[in-house]
Each structure stands twice: as C-alpha cells, then as structure tokens.
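The chain contents come next:
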Amino acid sequence: MTSTEQDTLFSKTEGSPTPTKAPESGLLVTNHLNLMYMLAAGLVMPPAGFGGKYYQDTLGFCPGWIPLFIGKPFREAIELSTSEAKHLKPICVEIGLSCMSGHVWALAEDGMKELRFPDQLAGSEQVVLVPAPLPTSWIESIAFQSVENRRICEADAKDYGNVPLSHFKRKTVKTLFSKASAAPWPPEQGPAARTVPLQTPLAAGGIMAMLLHFANQGNLGVIACRHAFDSEDDQAPPVETPVLSPLRAWMQTGAVPMPRSLDAKTDRASLQNASQEQLFWGLIERLVNWKGAGEKGSAEDVLLNYLKETLPKLDARLQAGISGLRDTLVSLTGLADASNSELFERHVTPFARAATLFFLRRDCPDLLDFHNDQLHELDWLAAAILFGVRDGWLKLPLRLRDTPGLSASVSHRMARMAHRIAGTDIELGESPARIRPLRELLGDGSNWHPRSREKGAALELARTQQWDCVHTRISLGRGSYALVVEGGSAHIEVPGEPRIVPEIDLPRFLDCLAKAHLDPKTEAKVRKMLQD
Amino acid sequence: MADQNQKITEDNSSRKDIENHLVIDTDDVIELKQNYRNCYPVARLAQAFYTGDPASPPPELPEPGASHVPKLYAYAAGDFDRVIRGILGLADRDPRQLIGVIAPNNKVRGRYFDKLRTLDIPTDNPRPSIETFHGSHRPNIAFNEGGILVINAQACKGLEFDTAILVDIDKHNFKQDNPDAAKRLFYVMVARAKYKVFIFRDRSDPCRADAILPSDSDMLQRKEV
C-alpha cells in the first residue's frame, strides 16, 4: 500500500461545518496501542475489554459507548488520547456507519441527546456515541499524524503475532490533527456507562475460527462449522451428536442449554451422552466467566476445579469415570509416565479426550500441530471448541486468521452477538457470508468432472501438498503399437492421440485433507480456484 | 543490549556502569523490567532465589495465566526408574519440546544420561534425541527440534529449555555459610525453563537446599514419587 498524503479524510464534508445527510463514517480518536489491541480483538470496544492494557482515550468518556466524531476530531480528544504515556501516538480511525441503525446519543452545539440513527439526525451533530462494540471490519482507514508515526506503528504491529494492521488501509493526514476542532472534550455529560458482554463473543470468534480449521475432518465438521457461523440459519442440517448439538443455540446468546431430565431408569448410553453435553457446555460457561473475571489462575485450574465441584452432583454411575479423568489431568501437571495413546485408551469420550488435549497442548496452533490416530472427528471438534474458548479470537495468531474473508466474517458476527446478548436495538446489517470449509467447497466428488473447478482445485491441492492420492489413466487409440529403437533410445508409436486423465482417489484425498492444516497462501489459492 | 544482572566487572554491574561502559545517555536507555522468558509460575519460583541488591530489582513477574506450578519430588532409591519413565513420558507426549536435565555433578549427570538412553518404555514416538555435555565434548544439538539435554548445573547458564528438571538437588555441595551462592545457582537453574520446572531429591539423603526452597505450595508443590 502506498503512503497517501492528503489534507482531509472526509473530502465530502470538508468546508462544510455540518453534514447535510447521515454520515457514512465517523472518526474514533485513540492512540496506537489501544488501536492494536482492538485490531487483535476484532472489536472496537470499551476500556473494560482491554484486560488492564488500556491507555486513556475517548473510549473512556462514557464506558460502553464509542464516540465517533463527525467531520473534524476535537483537539482536546486527541491530546487526551496520548496523555497517559510519552510514547503513545495519536490515531484517528475512520469507521463506516452506512450499515448501522439504532439508538445512539449525539452531541451537537445544543448539547447531548438520544436519537435514532440515522433517520433522526439533524445534520448538526459533532459526535455520535454508539453502543459498543463495533466490528473492526468496518474500519475504512487508519489516519496517522505523520509519516514517522505511521512507520513506528507499522513496525510495532509487526512485533505482535495477532495484530493485522497491514490488512487495513493506512494514511498520513497531518491536517486532520493540526486543524482539529477547538471544541472542548470531554463533554460535561453523556449517557450512563454500559457493561458490554465481550468474553462470550470473543470466545465465539475463537470457536468459529477453530471449527473452520478442523472442518475438513469430515461431514460433521462441515455442519458444525456452519452452525458456528450461521447460528440463525434454519436451513442448516441439525446435529444430534452429544457435545455438538447445543452449539447453534450457544452461538446465538452464549447461554448454556438446559440439562435434559434424567432419572435412574435412563440407560447408561443416554446418561453418558446427556452428561457429556452438560459437562462440556458447563465447562465452556465456566471458562468464559473466568476470562471475564480477569483470568486469575490458569484455564487448566478452572477445568480441574470444575470437575471437582461437579463430581458429587453427577449420577453415581458416572462418578468413577469423571474422577478417573480428573486424576489423569492432575497427573499431567506433573511427570505422568503415560503416552498420549495410553491416555486416549483410558479416556474415550469426546469430553474426556478434549479435556485431556487441553492439558497436553498449550494453545490453538499447538492443537493444530497435534496428531494422534486414536482421536475421532468428534474428539477434534470438541477440542477445537474448548481451545477456541480458552484462546478466544484475541489470542489467535495471524496464520489462523488469514483465511480469505475470515476476519471480517468473525468480527461482524462477534459484534452482532454482543449486541444480541446486551439487548440493544443496534442493527449492524447482514453479516458477511460465512467462510465455507474446503471440504464443503470441494464437494463429495460426485461433481468432479474432468474440467470441473472442484477437481482442478483438488488436483492442485494434492500436487502442492504431495499427497499420495493421484493416479493417471492414459487411454490409447485402437490399433497396433510399434516399439522403435533408434540409436541409443527407444520410443513407442501409437495411433491417434493418447488421452491422459489424472484421477483422484477420493477416500485417500479426503483423509489427507482431514489431516492437513494448510498454510494460508495455499488455501487462498485453492479457494480462488473454486470461486473462479 | 546489556544485562545488569550479568557480570561485566567482578560485581554485578549497575545500570550506570552499563551506561558508562557503552557510552550512552541515560535518556537513550530503554530498560526492560519484565521477565520475558519464563512463564508466571517459573518466574515466581526463580524470584524466590533472587539475591540482587535493592538498586537492581528482579524483573517484574509476567502476567499470571500458565498452570504447572513447579513441583518438588522426593523419591526413594528404588524409584529411580520411575523418575526416568516420567522424564521419557514427558518427552514422548510432546516431542517438540526441549527438556534440560540439570545435575549437581558429573556422577549424577552420567547416571541420568545412561538411564535415559537405555530404559525402555512404551511410547508413541521414536526415542527422543538425548545428549550431554561432558569435558570438552559438545555435541551439535538442534535445540529447535526437541529432545533431552543432560548437563551439569555449572554448564546451564545461557541455555533455555521448555522444561527444566533439576535432579538430585540433595547432591549439591553448598557451603553452609554462603546461602546466597546456593540461591544464585538455583536462580540460574530454575530460570532456564520457559514453561515447566520439576525438581527431584533423593528421599534418603539430607538436603541442604531445603533451607532455601520456598515453603509456599503455590510456588513449589511437594510430591512423593
């Protein structure tokens, strides 16, 4: 991206003190470190979301509300945003508002008032206060005060593994800062502070990404991924599998499903399934609450304490199994002498295996690098959800976010979920289309004609990944073939032209696809082939 | 880059010494105050052995989060094979990790090295690479490929492991009248670990290190093999 020097970010409104129609964007005034944290989180969010790493800026005015300057930012707001530390650089973030509607507060010369955006705007508003959060996918550009500031921020961003600054349009706009409005900041009054639910949406973001990365495991993975991204889609086939069946409902509100009614007559298999489901989603809830409370201790401790507290409440028939699982997990914090295979032989349910993986692997990339043939598709999917919640979208490294369209898709859904849980009337418009797993895009092989893009993409994948699943059929014309020896070499002459068709061994291909974790570049190339 | 806890002169250098030595202005110094290598439980244990002077405070602890509170295992002589099985099991469950087995002397180093190379246990992966330093023998070790390195405490400074296992700490020959020397050695040994620390002692022998080990079980859990 080339450096752009220009006088204004808002060419449409330059020279006009008041907009004549609803603004298509607003300016968030912040500093570069807060910006980086929000880019990592995928959400423009209140100070409470920064986990103790917040530096004072305009988001602190009315916590839970995002002040967006329409037209010129206020000089005092810029000064405030860099006042806490010498090394902070001022930033103006242009956020698109064309898809947003709902109740906001607005500051005009006659004071602060509540109104419905955009239809009740008078055109004289200087600042609009929007209920947080907003998706970072709505960021249209990031403006720096100087070329030097921009260089420093870009260099700083590269030091983090989860800050996608380079994905956004950046500009140097000196006059935006030098010709800022002299109006006072902060205003004397504003709306009441709001508590914004952030941990559940961030956990949901982690789940979406991880289920996408594990969706190539099989058809169950494809459906689970669809439920994660499009929880309101009634057309998606249901999942009746224990552990996964409440996923769709959880992705809407973060609420844990009601326990199924069980009694002494319930058969052991039904009991096992229902209990696994309750244990699993109860753990998800516990982890989300723990993160919301500031992450004291460790996620592994949360799991151990959860099992300890839950054990006496379980049906007596299941207590021994869960007690044994807890013993195993405790042993994994020390020098247990069991191999991974022995551990998975000991614990066979998806919940137990996901919990075991939780202790064997530190984070999401670590889980993606793990292999064990004893694990089934449901084990992987349960682990993907658990790890997605532990890390959340915030902690995912860029290589797990770089699937084309994933960040925008997740960011918008996280923001929508937050507003749904908070019960605001803010509408963020349609979410970007969900990211379909490669297994879904490639299909089941029934449409793999010689020239179909699905087959072409599958062949490309098999070739670049050097998967042993391609064979070639060479069809020769009818007639007699002649072996010709000339000098020191030989060749065969055949009538007509041979037809050479590369074929894919589908089961083997799908097996390779299930085990592979493709680098973003390869995946992007194959996705492009499937779209073209 | 300079470390005020390392020795440039006979004593630890102060920040001012370093500024003078490197001829840089005070304003140009960026002081790194936080512990960037060790995760929280490891850093907290290491801090218990810190002996630096008040002018040179220990690095600030990283954010809490990781689990695996360091553990001190007491084992009976007959349980030595179980100790080795535990170390090999740890390596097998994550073959990518580099494990440092830090011994108090050559005799203990040799004992662990030999047993780690010969004891058979059921594993999912091939036996990890197991190497040692002794005398002038310095094998070429691919530190980024995982494995087990068995070394003497004196040779561990400057190295970094995913897991550090301090074995047979009862065999360290500390002078009673210089507890700071023992603490400094433990600081260095513990701080080699990024994520996990395990400590072993022979149950039957008296252990002079007991006097400097923290008693807080949140910092160091005591277990029996």
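Residues numbered from 1 in each chain as written. Chains lettered and ligands numbered in written order. Predicted model: local features only at pLDDT ≥ 70, side-chain atom pairs only at ≥ 80, totals over all residues.

With that settled, the discussion passes to the overall build of chain A. Secondary structure assignment for chain A yields 19 helices and 14 strands. Principal-axis analysis of the C-alpha atoms gives chain A an extent of 90 × 75 × 45 Å. In chain A, buried positions account for 42% of the 532 residues. Within chain A, counting contacts between residues at least 6 apart in sequence, those at least 24 apart form 74% of the total. (Helix = DSSP H or I, 4+ residues; strand = E, 2+ residues; numbered from the N terminus. Buried ≥ 20, exposed ≤ 12 C-beta atoms within 10 Å, placed from the backbone. Contact = placed C-beta atoms within 7 Å.)

Attention now moves to the environment of A:T58. Residue and element names in this part refer to chain A. Relative to the helices and strands, T58 is located in the loop between β2 (43-44) and β3 (65-69). Judged by local crowding, T58 falls into the buried class, with 28 C-beta atoms found within 10 Å. When the C-alpha atoms of T58 and F387 are compared, they prove to be 33 Å apart, with 329 residues separating the residues in sequence. If near-sequence neighbours (up to four positions away) are discounted, T58 is found in contact with L28, V29, T30, P67, A77, L80 and S81.

This brings us to unusual backbone geometry. Residue A:P118 follows A:F117 across a cis peptide bond; omega there is 0°. Position of A:P118 relative to the elements: it lies in the loop between β6 (111-117) and β7 (127-131). Of note, the bond from A:W185 into A:P186 is cis; its omega dihedral lies within 30 degrees of zero at 5°. For A:Q466, which is not glycine, the phi dihedral falls at a positive 55°. Mapped onto the fold, A:Q466 is located in the loop between α17 (453-465) and β11 (470-475). Even without glycine at this site, B:D168 takes up a positive phi of about 45°. Checked against the element boundaries, B:D168 lands in the loop between β5 (161-166) and α5 (179-190).

If you trace the backbone, A:P73 turns up in the loop between β3 and α2 (75-81). A C-alpha to C-alpha distance of 8.6 Å links A:P73 and A:Q126, two positions 53 residues apart in sequence.

Soluble globular proteins tend to pack their nonpolar side chains together in the buried interior. Residues A:L211, B:I87, B:I102 and B:V190 are the most contacted members of the largest nonpolar core, which totals 183 residues. With residues near it in sequence (within four places) discarded, B:I87 still touches A:L335, B:I99, B:V101, B:L116, B:I148 and B:I165. One finds A:L438, A:L442, A:F509 and A:V526 within the second-largest nonpolar core, a separate group that totals 12 residues. (Core = buried A, V, L, I, M, F, W, Y, C linked by C-beta atoms within 7 Å.)

Bringing the pairing of strand β13 (residues 489-493) of chain A into the picture now. Residue and element names in this part refer to chain A. Burial runs low along β13: only 0 of the 5 residues are buried. The pairing of strand β12 (residues 482-486) with β13 spans 5 bridges and is classified as antiparallel. Among the inter-strand pairings, A482 is bridged to a residue of β13, identified as E493. Between the antiparallel neighbours β12 and β13 lie 2 residues, among them G487 with a positive phi of about 55°. (Pairing = 2+ DSSP bridges.)

With that out of the way, let us pick up the interface of chain B and chain A. Quite often, the size of an interface is put as the accessible area lost when its parts meet. Each side of the interface is counted separately: chain B has 19 residues, and chain A has 15 residues. Of all the elements, helix α3 (residues 80-93) of chain B adds the most residues to the side of chain B that touches chain A, at 7 residues. Of the residues that constitute the side of chain B that touches chain A, the class distribution is 7 nonpolar, 6 polar and 6 charged. (Nonpolar A, V, L, I, M, F, W, Y, C, P; charged D, E, K, R; others polar.)

On to helix α8 (residues 268-292) of chain A, then. All names here are of chain A. Its 25 residues give α8 an end-to-end C-alpha distance of 36 Å, which sits within 8% of 36 Å, the value for a rise of 1.5 Å per residue. Among all positions of α8, only S275, E277, Q278, L279, F280, W281, L283, I284, L287, V288, W290 and K291 are buried. Looking at the buried residues of α8, the elements they touch are α5 (199-214), α7 (247-253), α9 (299-310), α10 (316-332), α12 (350-360) and α14 (377-391). Just downstream of α8, G294 is the residue with a positive phi angle, here 105°. (Expected span 1.5 Å × (residues − 1).)

Residue and element names in this part refer to chain A. Packing of α5 against helix α6 (residues 219-229) brings their axes to within 9 Å, and their N-to-C directions diverge by 160°. By the angle class used here, α5 and α6 are roughly antiparallel. Judged by the sense of rotation from one axis to the other, the crossing of α5 with α6 is left-handed. Across the interface between the two elements, I207, M208, L211, L212 and F214 from α5 touch G221, A224, C225, A228 and F229 from α6. (Axes fitted to C-alpha atoms, helices over the stretch in contact; angles between N-to-C directions. Parallel < 35°, antiparallel > 145°, perpendicular 65-115°, else oblique. Left-handed = near helix turned anticlockwise from the far one by under 90°.)

This part covers the pairing of strand β4 (residues 147-152) of chain B. In this structure, strand β2 (residues 98-103) of chain B lies alongside β4(B), joined through 6 bridges in parallel fashion. Among the inter-strand pairings, B:I99 is bridged to a residue of β4(B), identified as B:I148.

Let us look at the sheet that holds β2(B). Residue and element names in this part refer to chain B. Reading across from one edge, β3-β4-β2-β5-β6-β1-β7 is the order of the 7 strands in this open sheet, with parallel pairing throughout. Strands with a single pairing partner mark the edges of an open sheet, and in this sheet they are β3 (130-132) and β7 (221-224). Taking each pair of neighbouring strands and ignoring which way they run, the sheet shows an average axis angle of 20°. Of the pairings in the sheet, the one linking strand β1 (residues 71-75) to strand β6 (residues 193-202) comprises 5 bridges and is parallel in character. Counted as the bridge partner of K71 is F198 from β6. Across the sheet, α3 touches β1, β2, β4, β5 and β6, and the angle it forms with β2 is around 150°. Running at roughly 140° to β5, α5 makes contact with β2, β5 and β6 of the sheet.

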